[in-house]
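# Architecture and fold: a report
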Amino acid sequence: YHTLSDGSPEGSLLASYLSELCLIEVKMNKWLPLRIAASCIYISRKMLRQAYPWPKDLQQVSNLTERQVRESARELCVLINLANTKQVFEPIFKKY
């Protein structure tokens, strides 16, 4: 997805960091890997203030609308906020 979104190296690192947070959190297991990857790209593009966080070419390839991606991205945002409080996420933060 990152290649299709014409993302920056910073966006790639941020999306990788977010995806690793999802691997540890059990609550994220309810989402398909496709949905988690899409949410990570969506949030990284939003955080880097890119014009279109979920461009049409990503919608076509993934068959996910922005509304669908936002649903799982909301839970990922909660996870981002918790990352500072849980020690289990510290090694991932240090890695990036």
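Refer to the structure above for everything that follows.
How each quantity is defined
- Residues numbered from 1 in each chain as written.
- Predicted model: local features only at pLDDT ≥ 70, side-chain atom pairs only at ≥ 80, totals over all residues.
- Heavy atoms only, no water.
- Core = buried A, V, L, I, M, F, W, Y, C linked by side-chain atoms within 4.5 Å.
- Buried < 20%, exposed > 50% of the residue type's maximum accessible area, 1.4 Å probe, protein only.
- Helix = DSSP H or I, 4+ residues; strand = E, 2+ residues; numbered from the N terminus.
- Contact = heavy atoms within 4.5 Å.
- Axes fitted to C-alpha atoms, helices over the stretch in contact; angles between N-to-C directions.
- Parallel < 35°, antiparallel > 145°, perpendicular 65-115°, else oblique.
- Left-handed = near helix turned anticlockwise from the far one by under 90°.
- Nonpolar A, V, L, I, M, F, W, Y, C, P; charged D, E, K, R; others polar.

## Considerations on the nonpolar core
In this structure, Leu18, Cys22, Met28, Cys40, Trp54 and Leu76 are the most contacted members of the largest nonpolar core, which totals 22 residues. Listed by contribution, the elements that provide at least two residues to this core are α1 (9-24), α2 (33-47) and α4 (66-82). Setting aside residues up to four positions removed in sequence, Trp54 forms contacts with Ala38, Ile41, Tyr42, Gln59, Ser62, Leu64, Thr65, Glu66 and Val69.

## So, the packing of α1 against α2
Where α1 meets α2, the axes come as close as 8 Å, and the angle between the chain directions of the two elements is 135°. Relative to α2, the element α1 is oriented oblique. Relative to α2, the crossing made by α1 is right-handed. Contacts between α1 and α2 involve Gly11, Leu14, Ala15, Leu18, Ser19 and Cys22 on the former and, on the latter, Ile36, Cys40, Ile41, Ile43, Ser44 and Met47. Here the residues of the contact of α1 with α2 are counted per class, giving nine nonpolar, three polar and no charged.

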